[in-house]
Amino acid sequence: GFYQYFFNPLFGNTDFWFEMNRINATFTDPNSLGTYSLMLFPIFVSLIIFFKKWFLRAVIGLFLVLFLVNVSFSGSRTAFMGILVSAAFFMIIGLWKVIERLNMRFRRPARYKKVLMWLAVMAILVVLILSVINFVPSLSEKTASYNVLLKRVHLAIDRFNTALKNKDWEAIGMVSRDRGILWEQAINMFKDHPISGVGVG
């Protein structure tokens, strides 16, 4: 991915993705690179948490940063949203642990712990929603154009907001590029083959 981005964008890439300024690394398309990076994100974060030696944490942290940069190069909006959701889960777990320790230290009743936990969850969700809805569209075109991922997220949110204002429900479906049909098919495939899956065919 780094080699394609900085040196030779057509190496292992197609003209279609090259024209969109998106990188696929060793995968068939940029979305596959984004999905793969998304699947590794929670593994990297978990390893950083569970490893005790600082140099192992540093190495894993470096790999995590490299994969996040590759997500940026890929321009995959699904991976971007997945990482936001995954990060929110880790933040909730982290806050739960912090509250647990504070609860033990100050010997507060358990109900305080529940109240603090729900407040923390709500705060995280509000911050994530505001950052996606308000921050990304407020980026100038010049800033967004530096990064293909920010540009695509910016465009999708703009289209969604316009469709919502005009109450154009079909246009809202178009924001996901008709992926709703694929999601429905995926659910049906899972129902038919929950254990074995269906394979690449």
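Residues numbered from 1 in each chain as written. Predicted model: local features only at pLDDT ≥ 70, side-chain atom pairs only at ≥ 80, totals over all residues. Heavy atoms only, no water.

(A) Representation of the overall build of the chain. Helices and strands together make up the secondary structure of the chain, namely 10 helices and 0 strands. Sequence-ordered secondary structure for the chain, helices as α and strands as β, is α-α-α-α-α-α-α-α-α-α. When burial is assessed residue by residue, the chain has 28% of its 201 residues classed as buried. The contacts in the chain between residues at least 6 apart in sequence include a share of 50% that link residues at least 24 apart. In the structure as shown, the chain presents an accessible area of about 14400 Å², 69% of it carried by carbon and sulfur atoms. (Helix = DSSP H or I, 4+ residues; strand = E, 2+ residues; numbered from the N terminus. Buried < 20%, exposed > 50% of the residue type's maximum accessible area, 1.4 Å probe, protein only. Contact = heavy atoms within 4.5 Å. Areas by Shrake-Rupley, 256 points an atom, 1.4 Å probe, with all protein chains shown as cover.)

(B) Representation of helix 4 (residues 54-74) in the model. Spanning 21 residues, helix 4 covers 30 Å between terminal C-alpha atoms, matching the ideal 30 Å at 1.5 Å per step. Turning to helix 4, its buried residues number three or more, namely Ile-60, Gly-61, Leu-64, Asn-70, Val-71, Ser-72, Phe-73 and Ser-74. Among the residues trailing helix 4, Gly-75 stands out with phi positive, at a value near 75 degrees. (Expected span 1.5 Å × (residues − 1).)

(C) How the structure looks around the nonpolar core. Core analysis: the largest hydrophobic core is formed by 13 residues, its most contacted members being Phe-41, Phe-44, Leu-64, Val-71, Leu-149 and Val-153. Elements with a contribution of two residues or more to this core: helix 3 (30-50), helix 4, helix 5 (77-106) and helix 8 (148-165). A total of 4 residues in this core trace back to one element, the largest contributor, which is helix 3. If sequence neighbours within four positions are ignored, Leu-149 has contacts with Val-71, Ser-72, Gly-75, Ser-76, Arg-77 and Phe-80. (Core = buried A, V, L, I, M, F, W, Y, C linked by side-chain atoms within 4.5 Å.)

(D) Quick look at helix 10 (residues 179-192). Here helix 10 is 14 residues long and its end C-alpha atoms lie 20 Å apart, about the 20 Å a rise of 1.5 Å per residue gives. Little of helix 10 sits inside the fold, with 0 of its 14 residues counted as buried.

(E) Examining the packing of aromatic side chains more closely. Tallied over the full model, the rule gives 11 aromatic pairs. Seen from their ring centres, Phe-44 and Phe-67 are 5.2 Å apart, and the 50 degrees between their planes marks the pair as tilted. With Phe-44 in helix 3 and Phe-67 in helix 4, this pair connects stretches of sequence that are 23 residues apart. Through pairs of rings, three or more aromatic residues link up here, namely Phe-2, Tyr-5, Phe-6 and Phe-73. (Phe/Tyr/Trp six-rings, centres within 6.5 Å; stacked < 30°, edge-to-face > 60°.)

(F) Highlighting the side chain of Ser-74. Summarising the element assignment, Ser-74 is placed in helix 4. Separated by 3.2 Å, the side chain of Ser-74 and the backbone nitrogen of Ser-76 make a polar contact. Those residues within four positions of Ser-74 in sequence are excluded, and the remaining contacts are Arg-22, Ile-23, Pro-30, Leu-33 and Gly-34. (Polar contact = N/O pair within 3.5 Å; in protein donor to acceptor, adjacent residues only side chain to side chain.)

(G) Broad picture of the confidence of the model for the chain. Summarising the model, the chain shows a mean pLDDT of 76, and 72% of its residues fall at 70 or more. Looking over the chain, one finds the lowest element-wise mean pLDDT in helix 7 (residues 141-145), namely 43, and the highest in helix 3, namely 87. The low-confidence segment residues 134-146, where pLDDT is below 50, has 18 contacts with residues more than four positions distant or belonging to other chains. (pLDDT = per-residue confidence, 0-100.)

(H) Spatial organisation of unusual backbone geometry. Even without glycine at this site, Ala-25 takes up a positive phi of about 55 degrees. Topologically, Ala-25 is positioned in the loop between helix 2 (15-19) and helix 3. Exposure remark for Ala-25: the relative accessible area of 18% places this residue in the buried category.

(I) Broad picture of the packing of helix 3 against helix 4. Running from amino to carboxyl end, helix 3 crosses helix 4 at an angle of 160 degrees, the nearest separation of the two axes being 9 Å. Viewed along their axes, helix 3 and helix 4 adopt a mutual orientation that is roughly antiparallel. Along this stretch, helix 3 crosses helix 4, giving a crossing that reads as left-handed. Side by side, helix 3 and helix 4 meet where Pro-30, Leu-33, Gly-34, Tyr-36, Ser-37, Leu-40, Phe-41, Phe-44, Val-45, Leu-47, Ile-48 and Ile-49 of the first sit next to Arg-57, Ile-60, Gly-61, Phe-63, Leu-64, Phe-67, Leu-68, Asn-70, Val-71 and Ser-74 of the second. Looking at side-chain class alone, the contact of helix 3 with helix 4 contains 16 nonpolar, 5 polar and 1 charged residues. (Axes fitted to C-alpha atoms, helices over the stretch in contact; angles between N-to-C directions. Parallel < 35°, antiparallel > 145°, perpendicular 65-115°, else oblique. Left-handed = near helix turned anticlockwise from the far one by under 90°. Nonpolar A, V, L, I, M, F, W, Y, C, P; charged D, E, K, R; others polar.)

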